[in-house]
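Chains, contacts and geometry: an overview
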Amino acid sequence: MRLFQDLQAKASAVLLIYTGGTIGMKESTDGQGLVPFDFSGIADEVPELRKFACRIDSYTFDPLIDSSDVEPRLWQQLAELIKARYDGYDGFVILHGTDTMSYSASALSFMLDNLDKPVIFTGSQLPIGRPRTDGKENLISSVEIAAAKDADGRAMVPEVCIFFDSQLLRGNRSTKVNATGFDAFSSPNYPALATAGISIKYNSRIIHYGSGRHRDLQISTSLDTRVSILKVHPGITEQVVRDILLGTETRAVIIETYGSGNAISKDWFLDIIRESSEKGKILLNVTQCLCGDVNMDLYATGKALKNAGVVSGYDSTTEAALGKLFYLMGTNNDNEQVKALLGKNLKGEISK
Ligand code: ASP
């Protein structure tokens with residue numbers, strides 16, 4: 001068993017994929033404020049990259065986007081790009097805005113199958129061209145992790161991850177928790193896969209090595225995005241709940257509930273849940289709490305949801321639930337089968 005190994009990257013090749021976001025910005029020379037810089041010159045901005053004994057190539061998306069504008073089309077393009085360049089690289093680093101990074105990392109984790117190379121999302125809170133930027137550290141450590149191999153030549157972390165502020169997190173366990181601090185991401189229900197200090201410590205006991213080795217990378221780019229999110233709150237009206245749960249365009253609803261999966265126990269609420277479920281919609285229960293999981297057997301209000309046809313999201317983040325639904329619905333027309341697969345741990349997204 002490999003435990004807390006700390007290995008130097010050997011000669012490897014990493015593809016740096018720049019999608020946009022704060023990290024790739026610098027002050028324009030004509031006083032126009034922050035503008036994206038040309039990533040082919042990344043080694044001039046971050047000369048430390050030259051010290052790695054690995055080849056770093058870059059690919060820049062056009063147009064570059066603020067990640068608030070991310071759409072599933074970007075995830076499809078990323079999956080296709082990784083598939084097309086897979087054999088030529090040992091790892092991939094995706095520079096991405098922080099706002100939707102957890103959504104993108106979650107979705108990619110389901111879309112890539114038989115992965116045996118690292119796919120590391122990173123970004124920054126301050127542009128790379130600013131003096132106190134967190135972007136350089138995030139980028140340098142991400143490249144090191146993407147290139148890192150063990151003594152047998154296997155990738156240290158063959159998963160879709162987020163690296164931010166010294167922590168390597170499983171992508172589909174991560175969530176953005178800080179709008180302004182450098183510690184922007186957290187993985188409340190799963191420990192960090194690695195931590196960067198003087199050296200990078202890999203927590204190999206909890207990294208998924210999967211079945212990807214010696215198998216071809218498979219990608220699923222068919223996504224069905226007909227999902228709504230209903231966040232229950234005191235004072236929510238019957239009509240609002242009706243509009244979301246019975247929307248004709250909606251195939252699935254993520255219900256963000258209180259605590260361990262509880263919601264309103266009033267008849268009108270449960271009647272709408274039942275009607276929605278009977279119409280065949282997929283209803284998935286995810287807790288509003290940052291930590292812990294859904295247990296619909298604990299309280300009468302949770303039991304009522306379960307009896308009305310709601311399925312448990314266990315300790316899933318909302319971001320992972322969304323990506324999982326897009327992926328499962330995109331590859332499956334049968335809602336009952338989708339419901340059954342939601343209860344399975346597909347890519348380490350739930351503790352089951
Ligand atoms: N709005 C930016 C984005 O998500 C923020 C960032 O990059 O951190 O693209």
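Whatever comes next refers back to the structure up there.
Structural notes, computed from the coordinates. Values in this document were obtained by computation on a predicted structure and should not be read as measured data.

**As for the packing of helix H2 (residues 72-85) against helix H3 (residues 101-111)**
- Across the interface, H2 lies against H3 with an axial gap of 10 Å and an inter-helix angle of 50°. One element, H2, and the other, H3, form an angle in the oblique class. In this structure, H2 meets H3 at a crossing whose hand is right-handed. Where H2 abuts H3, its residues Trp75, Gln76, Leu78, Ala79 and Ile82 lie against Tyr103, Ser104, Ala107, Leu108 and Met111.

**Quick word on helix H6 (residues 267-278)**
- With 12 residues, H6 should cover 16 Å at 1.5 Å per step; its first-to-last C-alpha distance of 16 Å lies within 8% of that length.
- What H6 keeps buried is the set Phe269, Leu270, Ile272, Ile273, Ser276 and Ser277. On an axial view of H6, the arc spanned by its buried residues comes to 155°, and they lie on one face. The exposed residues of H6 that point more than 90 degrees off its buried face are Asp267 and Glu278.
- In the core, the buried residues of H6 are packed alongside strand E15 (227-231), helix H5 (238-245), strand E16 (252-257), strand E17 (282-287), helix H7 (300-307) and helix H9 (335-342).

**Digging into the side chain of glutamine 76**
- Structurally, glutamine 76 is set in helix H2.
- Of the residues examined, glutamine 76 reaches a relative accessible area of 16% and is grouped as buried.
- Leave out the neighbours within four places in its chain, and glutamine 76 touches Met111, Thr221 and Leu223.

Procedures and definitions
- Residues numbered from 1 in each chain as written.
- Predicted model: local features only at pLDDT ≥ 70, side-chain atom pairs only at ≥ 80, totals over all residues.
- Heavy atoms only, no water.
- Axes fitted to C-alpha atoms, helices over the stretch in contact; angles between N-to-C directions.
- Helix = DSSP H or I, 4+ residues; strand = E, 2+ residues; numbered from the N terminus.
- Parallel < 35°, antiparallel > 145°, perpendicular 65-115°, else oblique.
- Left-handed = near helix turned anticlockwise from the far one by under 90°.
- Contact = heavy atoms within 4.5 Å.
- Expected span 1.5 Å × (residues − 1).
- Buried < 20%, exposed > 50% of the residue type's maximum accessible area, 1.4 Å probe, protein only.
- Arc of directions from axis to C-beta.

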